[in-house]
Amino acid sequence: MADYGKGDTKWFVHDRFGMFIHWGLYSMPARHEWIRNYECIPTEDYQIYFDLFNPDLFNPKEWAKAAHDAGMKYVVFTTKHHEGFCNWDTKFTDYKITNTPFGRDALREIVDAFRAEGIRIGLYYSLIDWHHPAFTVDCNHPLRNRPDRDKLNEGKDMKRYAQYMRDQVTELLTNYGKIDIMWFDFSYPVLPELAVWSKGHPERKSWDGKDHEDWESEKLVKLVRSLQPGIIIDNRLDLPGSGDIKTPEQFTSDEPLRNEDGSLAVWEGCHTFSGSWGYYRDELCWKSVKQCIDLLINHVSRNGNVLMNVGPTSRGYFDERAMHCLEGYAKWMKYNSRSIYGCTCAPEGIKEPVDCRYTYNPETNRLYLHLMNWPFKHIMLPGMAGKVRYAQFLHDGSQVLFRDNQKKEVNVALNATCAEGDLALELPVIKPNQEVPVIELFLK
Ligand code: GLC
C-alpha cells in the first residue's frame, strides 16, 4: 500500500468523544440535508434558501459551551456539504455565507468559539458538490432525472472541480489556524458492469459514480499533509493507505475494528440524534439519552470514538431536542468520564458479563464495568477472581464489596452460584441515579 504519511492520532484515541455539526442552507427546508437529491430540486428553486439565509440567533459560544459540557473534546464542522454552499468567506465561489443576508464568516466564529472552550477543530469538506458548474451530473445529482442530462454534462470538467477543491482546502488549512482533522465525504465508485451512462464511453466515467481519480485524491492528500502536518484524515477519499481513521456511519460494533494485519484500528463511529444530519423538523425517531450514552460506552469498549451530530436550526441555535440529549451527556459525563477518556477495550481474555460493557485505562490499570441493565443484588464477573484490589462506584466513589470465588462451590454467603474463577460484586437493590452506573475496578 502506498505511503501517504500519517496523522497524529494519539490525542484522538484519548479524547474519544467529538461533536459533528451539519449546518447549511438545508436547515431552512428542514427536511434532510440531502433534500436537493431527494426532491430533485433544480438550482433556480434552491436559490430561495440562499437569498433568505439569515440565522439571527447564531451564537457559536453557546454551541461550544454545549459541546464542552457534554464532554466533547473535538468538533467537526461542515465547511461545505453536498449542496455546495460554503460556510466561510472563500475566494473561489460566490456561493458562500458572506453573500447571504447573514453576511458573516460562520466558520471563523465557530473556530474561535470552540477553541476558547479548549475544543480541537476538525473540518468536514464535501467531495460532492451539486452546485459547482464543473461537477458532472451523476447518479446522486439532483438533476440526474433530467431528460437533457447529456447536454447538461457538456463542457463540465472534473479536473476543474478537483482544482477548485484544492484551492478551497488550501484556504481552509491556511487561514484558520491549526486544524486537527480533515473529514472528506465521500466517494462512490461505480463498478463498470453497473454503469449506465458511461457504458462504451470511458471518458464519461464520472457521470455514473465518482472515485479517487475524480477527486485527484492523491494530490489532495499530499496538499493536506503539507499544509497541516499531523492532521488526521478520514478514509473516504477512495485511496487505500491515505486514511488515518475508519469512519463507519450509524453503526455499532460487537468487536473492535481491525486493520488488515489484524491490529486494532483507530476508528470513529458517527451518529445522529434523530436520523438525518441536517436539522429535520418533523423527524420523530430521536434517540433517548440512555441510547446516546450506551452508544458512547459501546464504542469506547470496542476501542472506538463517537462523533455525535447536531443539526442546528436555520436561526442558528441547537433545537431543544438536541439540547436534551447533550444535557443528558453532560449529566452523565460529569461523574463518569473517567471510564471514557484514555480508555480502550478490556485486555484480551477478559469476558464481559451479560448486559455489561467494559472499558479499560491501561495507564491506571483500572477496568470500568458499565451496567447497561441493572441486575438484582449481584453480578458475577467471569474469570476475575483474584484480580481485583478494590471496587467502587465511579459516580460517587463509594465502595462496592465483592467476593472472589477461587474454588468451584456454591457461595453460601451470597446465596448465589458462582462458577470457579468468578468474582461476585454485591450491588444495592436500588439502581444508583445514573443513566448507566459504572463500577471502577482497581486491578492488581
Ligand atoms: C453521509 C451523507 C451525509 C453525511 C455523512 C456523515 O455520507 O452523505 O449527509 O454528511 O454521511 O457521515
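Thresholds, definitions, all that
Residues numbered from 1 in each chain as written. Predicted model: local features only at pLDDT ≥ 70, side-chain atom pairs only at ≥ 80, totals over all residues. Heavy atoms only, no water. Helix = DSSP H or I, 4+ residues; strand = E, 2+ residues; numbered from the N terminus. Rg over C-alpha atoms; globule rule 2.2 N^0.38 Å. Buried < 20%, exposed > 50% of the residue type's maximum accessible area, 1.4 Å probe, protein only. Contact = heavy atoms within 4.5 Å. Areas by Shrake-Rupley, 256 points an atom, 1.4 Å probe, with all protein chains shown as cover. Pairing = 2+ DSSP bridges. Axes fitted to C-alpha atoms, helices over the stretch in contact; angles between N-to-C directions. 1 Å grid on protein atoms, 1.4 Å probe; cavity = no way out; pocket = protein on both sides within 12 Å on 5 of 7 lines; lining within 4 Å. Points joined across faces, edges and corners; volume = space filled by probe spheres on them. Nonpolar A, V, L, I, M, F, W, Y, C, P; charged D, E, K, R; others polar. Phe/Tyr/Trp six-rings, centres within 6.5 Å; stacked < 30°, edge-to-face > 60°. Parallel < 35°, antiparallel > 145°, perpendicular 65-115°, else oblique. Left-handed = near helix turned anticlockwise from the far one by under 90°. Disulfide = S-S within 2.5 Å.

Asker: Tell me about the overall build of the protein, and please be specific about residues and values.
Answerer: Each helix and strand counted, the protein has 11 helices and 16 strands in total. The C-alpha radius of gyration of the protein comes to 25 Å, within 12% of the 22 Å expected for a compact globule of 444 residues. Principal axes of the C-alpha set define a box for the protein whose edges measure 80 × 50 × 40 Å. Within the protein, the proportion of its 444 residues that are buried is 57%. Restricting to contacts in the protein with at least 6 residues of sequence separation, those with at least 24 account for 70%. Split by element, the accessible area of the protein, about 19,100 Å² in all, is 50% carbon and sulfur.

Asker: Could you give an account of the sheet that holds strand 5 (residues 232–233), with specific residues and numbers?
Answerer: Spatially, seven strands are ordered 5-4-3-2-1-7-6 in an open sheet, and the strand pairing comes out parallel. Each edge of the open sheet carries a strand with a single partner, namely strand 5 and strand 6 (267–272). Where strand 2 (residues 74–80) and strand 3 (residues 120–126) come together, six bridges link them in parallel fashion. Bridge assignment links V76 to a residue of strand 3, and that residue is G122. Sheet strands touched by helix 10 (residues 289–301): strand 1 (17–21), strand 6 and strand 7 (304–310). Its angle to strand 7, the strand with the most contacts, is close to 150°.

Asker: With reference to specific residues and values, describe empty space enclosed by the protein.
Answerer: Taken as a whole and judged by the stated rule, the model has one cavity of 30 Å³ or more. One number sums up the size of the largest cavity: a volume of about 110 Å³. Along the lines of polarity and charge, the residues of the lining of the largest cavity split into seven nonpolar, six polar and no charged.

Asker: Account for the packing of aromatic side chains, with residues named and values stated.
Answerer: The full count for this structure, using the stated rule, is 30 aromatic pairs. With a centroid separation of 5.7 Å and an interplanar angle of 70°, the aromatic rings of Y390 and F442 are classed as edge-to-face. In this pair, Y390 sits in strand 11 (residues 388–393) while F442 sits in strand 16 (residues 438–443), placing the two residues 52 residues apart along the sequence. With a relative accessible area of 30%, Y390 lands in the partly exposed category. Residue class for F442 comes out buried when judged on its relative accessible area of 14%.

Asker: Account for the packing of helix 7 (residues 158–175) against helix 9 (residues 217–227), with residues named and values stated.
Answerer: Between helix 7 and helix 9, the shortest axis-to-axis distance is 10 Å and the interhelical angle comes to 15°. Here helix 7 lies roughly parallel to helix 9, going by the angle between them. For the element pair helix 7 and helix 9, the recorded crossing hand is right-handed. In this structure, helix 7 contributes M165, R166, V169, T170, L173 and T174 to the contact, and helix 9 contributes K219, L220, L223, V224 and L227. The class makeup of the residues in the contact of helix 7 with helix 9 is seven nonpolar, two polar and two charged.

Asker: So, the pairing of strand 7: which residues are in play, and what are the values?
Answerer: Here strand 7 lies mainly inside the structure; seven of its seven residues are buried. Side chains G304, V306, M308 and V310 project from strand 7 onto one buried face, and the interleaved N305, L307 and N309 project onto a second face that is buried too. Two elements, strand 6 and strand 7, share six bridges in a ladder whose sense is parallel. Following the sheet pairing, G269 is matched in strand 7 by V306.

Asker: Can you tell me about the state of the cysteines, naming the residues and giving the values?
Answerer: Enumeration according to the criterion identifies zero disulfides in this entry. For the unlinked cysteine C292, the closest cysteine sulfur is that of C325, found at 4.2 Å. Left unpaired, C345 is separated from the closest cysteine sulfur, that of C343, by 11 Å. Given the relative accessible area of 14%, C345 is considered buried.

Asker: Explain the layout of surface pockets residue by residue, including any values.
Answerer: For the largest pocket, the calculated volume is near 560 Å³. Classifying every residue of the lining of the largest pocket gives eight nonpolar, eight polar and five charged. A volume near 290 Å³ is recorded for the second largest pocket. Around the second largest pocket, the lining is made up of 15 residues, and of these P256, C345, A346, P347 and I350 lie nearest the centre. By residue class, the composition of the lining of the second largest pocket is seven nonpolar, two polar and six charged.

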